[in-house]
Protein chains: 2
Amino acid sequence: MLILADGRFSVLDAKTATCVIRYRGEEVVAVLDRQTAGRTAGEVVGVGGSIPVVGTLDEGLALAPDMLLVGVAPRGGRLPEAWREMILGALARGLEVVSGLHTFIGDDAELAQAAAAGGGTIRDLRRVPDDLPVASGLAADVGATVVLTVGSDCNVGKMTAAMEVVLAARRRGRRAAFAPTGQTGLLLGGWGLAVDRVIADFVAGAAERIVLRNAPGAELVVVEGQGSIFHPGYSGVTLGLLHGSMPDALILVHQPTRERSLNDGVPIPRLPELVRAYEALAAPLKPARVVAIAINGYDLADAAARDWARRAEDETGLPAVDPVRFGAEALLEPLVALRKGTPTWTPFAPGHNGGQP
Amino acid sequence: MLILADGRFSVLDAKTATCVIRYRGEEVVAVLDRQTAGRTAGEVVGVGGSIPVVGTLDEGLALAPDMLLVGVAPRGGRLPEAWREMILGALARGLEVVSGLHTFIGDDAELAQAAAAGGGTIRDLRRVPDDLPVASGLAADVGATVVLTVGSDCNVGKMTAAMEVVLAARRRGRRAAFAPTGQTGLLLGGWGLAVDRVIADFVAGAAERIVLRNAPGAELVVVEGQGSIFHPGYSGVTLGLLHGSMPDALILVHQPTRERSLNDGVPIPRLPELVRAYEALAAPLKPARVVAIAINGYDLADAAARDWARRAEDETGLPAVDPVRFGAEALLEPLVALRKGTPTWTPFAPGHNGGQP
């Protein structure tokens with residue numbers, strides 16, 4: 001695949017690109033970005049080694065990709081006109097264009113026509129089904145242990161932490177399912193839905209469906225979290241996900257050097273306050289403890305990442321580690337030790353929980 | 001108007017119908033419901049006095065309405081086939097059909113065709129614009145005092161409490177705006193949006209826009225709340241509304257005889273726990289205190305409603321009253337006393353708060 005990250009190829013701006021390079025790097029032929037063209041992915045975002053960054057579509061096409069991935073999300077999720085030409089070019093050459101943007105490129109008449117004319121196809125990752133239910137507590141009943149990653153902010157590494165826990169569990173021979181809830185996660189495997197695209201009344205219902213689909217045959221279902229309960233834009237999605245997925249345990253993901261919510265926002269509460277808040281919100285529906293802290297140390301040296309993890313352990317009394325740098329064993333350990341409890345409350349009868357809020 | 005509430009005309013099932021009868025009763029010619037036909041609205045739902053309940057569309061049309069209001073929401077918001085015939089009949093006679101259902105009846109080919117043929121029109125209250133922003137904290141900056149009603153459960157009287165506070169403030173000569181967030185509220189006035197219909201990432205942005213539109217010229221903006229932070233289906237909408245509307249104060253609405261979340265759900269936490277939870281969720285973004293408790297005593301005698309209010313006061317130390325029965329003065333008093341403070345945090349720059357959660 002060729003990854004379009006034009007003008008925004010960096011760790012913070014190109015979350016999708018960076019994660020796909022990290023977990024599916026062997027399939028990436030190049031990154032398309034005029035700003036960093038001539039360098040390598042390894043130099044620019046610290047993963048992907050010698051994967052080249054190219055400055056024109058033609059250079060990318062010369063490497064014979066069969067997919068163009070729109071690997072950066074513009075603010076608000078809408079397609080900048082500047083990228084349109086590149087997508088048109090890829091469709092004209094018969095590529096599959098995969099997009100996680102809020103605006104469905106498949107609904108764009110010009111792009112759809114270019115696909116039809118050139119033999120290309122369009123896949124909009126955020127397109128969700130229109131038959132989602134209002135949540136009714138069914139996810140509490142699955143046999144698998146369900147874990148949700150929650151965050152101290154948006155864009156803080158919840159998907160990566162979830163993925164690392166899944167990979168660590170599989171290395172131990174555990175049947176672990178990754179349950180994606182966002183456009184990037186959907187590129188990494190598992191059955192999922194872009195929950196931020198769901199109509200608000202059905203967010204928890206979407207989370208419920210994601211757990212129910214991933215649970216059969218799994219010992220552990222690790223649900224990718226979204227946003228933060230204290231992020232003014234996205235807190236509703238976060239809480240819907242928490243209440244719909246009915247986790248048995250939570251992993252709190254934190255970037256220690258970030259003191260304010262992205263960008264220039266409110267001060268991020270301290271870790272113990274975050275632990276209390278998430279647990280308090282879960283408790284009345286289904287108690288779930290935060291069992292570990294995942295440290296996002298992308299901007300730190302090894303020693304500093306270890307120091308911050310130790311400080312998080314001191315503050316919370318929970319195991320803490322940067323899973324990308326030092327492995328997710330310390331996050332997995334308390335999950336393996338967890339005994340799946342009997343439900344502590346009676347789930348709603350399906351389809352029977354009130355017509356409207 | 002003629003109100004369609006077929007098969008579900010009761011206080012709990014027909015929230016829209018009951019509220020429209022309460023606040024716009026002089027415009028209602030009849031209610032259409034085969035189950036309670038022959039009785040009066042006053043007998044069935046306790047408001048509306050002698051407004052008749054009729055059992056057929058023809059009886060209703062004989063009273064010369066110019067609007068058919070779909071006044072009950074089926075579970076999940078979708079249109080039962082049984083009501084289709086009645087709506088078709090109204091459209092064929094040239095009526096405006098107003099619907100708050102999740103499924104837009106204007107998108108239904110058969111109904112749209114009937115409207116075109118018969119001269120009727122269709123208005124879908126839940127239809128929302130597609131240019132809503134991600135919230136950026138702007139609602140914290142308005143000059144008006146902003147109040148949000150929050151609940152101990154869904155369908156508990158948040159809209160009614162908001163409306164009663166607005167009416168009480170206006171009786172005192174205050175410039176009070178009612179800010180609706182649901183399909184029923186939209187029928188009662190003010191500029192609003194059905195926030196539960198908004199794509200999840202934009203719920204808080206919708207709440208922000210509602211406050212910004214209602215604030216100019218108002219001393220008090222009373223925002224209709226939705227759901228409950230402990231309702232598994234709707235908690236995400238509730239939190240998005242709290243964080244997007246940036247209220248200065250909260251009014252907690254509670255039905256004392258309801259011990260479990262609708263229906264057969266989880267135990268509802270005690271009032272002090274609810275007060276703490278709502279205040280804790282607001283605090284990191286913009287501190288807001290619960291200043292009063294609104295008691296929903298629809299199923300109680302006067303003395304019992306007073307007793308429950310007194311008990312709520314004892315438990316929380318806050319004024320409590322059933323506003324429908326005894327007026328909303330006790331809810332209004334702490335709002336009038338409130339001094340609009342300076343913002344305690346720096347709102348995000350508009351359009352600058354991160355591309356994705």
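**Some words on the overall build of chain A**
Inference 1: The helix and strand inventory of chain A stands at 13 helices and 12 strands.
Inference 2: At 20 Å, chain A has a C-alpha radius of gyration in line with the 21 Å of a compact globule built from 357 residues.
Inference 3: Dimensions along the principal axes, computed over C-alpha positions, put chain A at roughly 60 × 50 × 40 Å.
Inference 4: Taking all 357 residues of chain A together, the buried fraction comes to 63%.

**Some points on the environment of Leu318 of chain B**
Residue and element names in this part refer to chain B.
Inference 1: Among the structural elements, Leu318 can be located in the loop between helix H10 (302-316) and strand S12 (320-321).
Inference 2: For the pair Leu318 and Val253, spaced 65 residues apart in sequence, the C-alpha separation works out to 12 Å.
Inference 3: In contact with Leu318, other than residues within four places in its own chain, are Val275, Val290, Val291, Ala292, Ile293 and Glu313.

**Side note on the sheet that holds strand S11 (residues 289-295) of chain B**
All names here are of chain B.
Inference 1: Read from one edge to the other, the open sheet built from 6 strands follows the order S8-S9-S7-S10-S11-S12, with strand pairing classed as parallel. Sheet topology places strand S8 (176-179) and S12 at the edges, where each strand pairs with a single neighbour.
Inference 2: Where S8 meets strand S9 (residues 220-223), 4 bridges bridge the pair, whose relative direction is parallel. Residue pairing in the sheet places Phe178 in a bridge with Val222 of S9.
Inference 3: Along the sheet, helix H9 (residues 271-282) contacts strand S7 (145-151), strand S10 (249-254) and S11; its crossing angle with S10, the most-contacted strand, is approximately 145°.
Inference 4: Relative to the sheet, helix H12 (residues 329-337) contacts S7, S9, S10, S11 and S12, its axis offset from that of S11 by approximately 170°.

**Section: the sheet that holds strand S1 (residues 2-4) of chain A**
Residues and elements named next belong to chain A.
Inference 1: Strand order across the open sheet formed by 6 strands is S3-S2-S1-S4-S5-S6, with parallel pairing between neighbours. Single-partner strands in this sheet number two, and they are strand S3 (53-54) and strand S6 (121-124).
Inference 2: Strand direction decides the pairing type here: strand S4 (residues 67-70) and strand S5 (residues 96-99), joined by 4 bridges, are parallel. Along S5, the bridge assignment pairs Met67 with Glu96.

**Some words on the side chain of Thr16 of chain B**
All names here are of chain B.
Inference 1: Positionally, Thr16 belongs in helix H1 (residues 15-24).
Inference 2: The exposure class assigned to Thr16 is buried, which follows from its relative accessible area of 5%.
Inference 3: In this structure the side chain of Thr16 is engaged in a polar contact, spanning 2.4 Å, whose partner is the side chain of Thr184.

**Some remarks on the packing of helix H4 (residues 81-92) of chain A against helix H5 (residues 109-118) of chain A**
Residues and elements named next belong to chain A.
Inference 1: For the pair H4 and H5, interaxial distance at closest approach is 7 Å and the crossing angle is 25°. Comparing the axis directions of H4 and H5 gives the class roughly parallel. Crossing of H4 over H5 shows right-handed handedness. Contact residues: Arg84, Ile87, Leu88, Leu91 and Ala92 in H4; Glu110, Leu111, Ala114, Ala115 and Gly118 in H5.
Inference 2: When its residues are assigned to classes, the contact of H4 with H5 shows 7 nonpolar, 1 polar and 2 charged.

**Regarding the packing of aromatic side chains**
Inference 1: Within this structure, the stated rule accounts for 0 aromatic pairs over all chains.
Inference 2: Note that Arg127 of chain A overlies the ring of Phe104 of chain A, its terminal NZ or CZ placed 4.5 Å from the centroid.
Inference 3: The cationic tip of Arg197 of chain B hangs over the ring face of Phe104 of chain B; the distance from NZ or CZ to the ring centre is 4.2 Å.

**With respect to the pairing of S11 of chain B**
Residue and element names in this part refer to chain B.
Inference 1: For S11, the tally of buried residues reaches 6 of 7 residues, placing the bulk of the element in the interior.
Inference 2: Pairing between S10 and S11: 6 bridges, direction parallel. From the neighbouring strand, Leu250 faces S11, where its bridge partner is Val290.
Inference 3: Across 2 bridges, S11 lies against S12 in parallel orientation. Note that in S12 the partner of Ile293 across the bridge is Ala320.

**Quick notes on the domain arrangement of chain A**
All names here are of chain A.
Inference 1: When the domains of chain A are assigned, the result is domain 1 (2-124) and domain 2 (138-337).
Inference 2: Put simply, the middle of domain 1 and the middle of domain 2, counted by C-alpha atoms, are 27 Å apart.
Inference 3: Across the contact, 15 residues belong to domain 1 and 16 residues belong to domain 2.
Inference 4: When domain 1 packs against domain 2, the two sides together hide about 1,500 Å² of surface, and 61% of this comes from carbon and sulfur.
Inference 5: A per-residue breakdown of the area domain 1 buries against domain 2 is headed by Leu12, Tyr23 and His102, which together make up 39% of the total.
Inference 6: For the interface between domain 1 and domain 2, the tally reads 0 salt bridges.
Inference 7: Applying the counting rule to domain 1 against domain 2 returns 3 residue pairs in polar contact (both at pLDDT 80 or more).
Inference 8: In terms of residue count, helix H1 (residues 15-24) provides more of the side of domain 1 that touches domain 2 than any other element does, 7 residues in total.

Criteria and cut-off values
- Residues numbered from 1 in each chain as written.
- Chains lettered and ligands numbered in written order.
- Predicted model: local features only at pLDDT ≥ 70, side-chain atom pairs only at ≥ 80, totals over all residues.
- Heavy atoms only, no water.
- Helix = DSSP H or I, 4+ residues; strand = E, 2+ residues; numbered from the N terminus.
- Rg over C-alpha atoms; globule rule 2.2 N^0.38 Å.
- Buried < 20%, exposed > 50% of the residue type's maximum accessible area, 1.4 Å probe, protein only.
- Contact = heavy atoms within 4.5 Å.
- Pairing = 2+ DSSP bridges.
- Axes fitted to C-alpha atoms, helices over the stretch in contact; angles between N-to-C directions.
- Polar contact = N/O pair within 3.5 Å; in protein donor to acceptor, adjacent residues only side chain to side chain.
- Parallel < 35°, antiparallel > 145°, perpendicular 65-115°, else oblique.
- Left-handed = near helix turned anticlockwise from the far one by under 90°.
- Nonpolar A, V, L, I, M, F, W, Y, C, P; charged D, E, K, R; others polar.
- Phe/Tyr/Trp six-rings, centres within 6.5 Å; stacked < 30°, edge-to-face > 60°.
- Lys NZ or Arg CZ within 6 Å of the ring centre and 35° of its normal.
- Domains from an automatic or database assignment.
- Buried area = accessible area lost by both parts, 1.4 Å probe.
- Salt bridge = Lys/Arg side-chain N within 4 Å of Asp/Glu carboxyl O.

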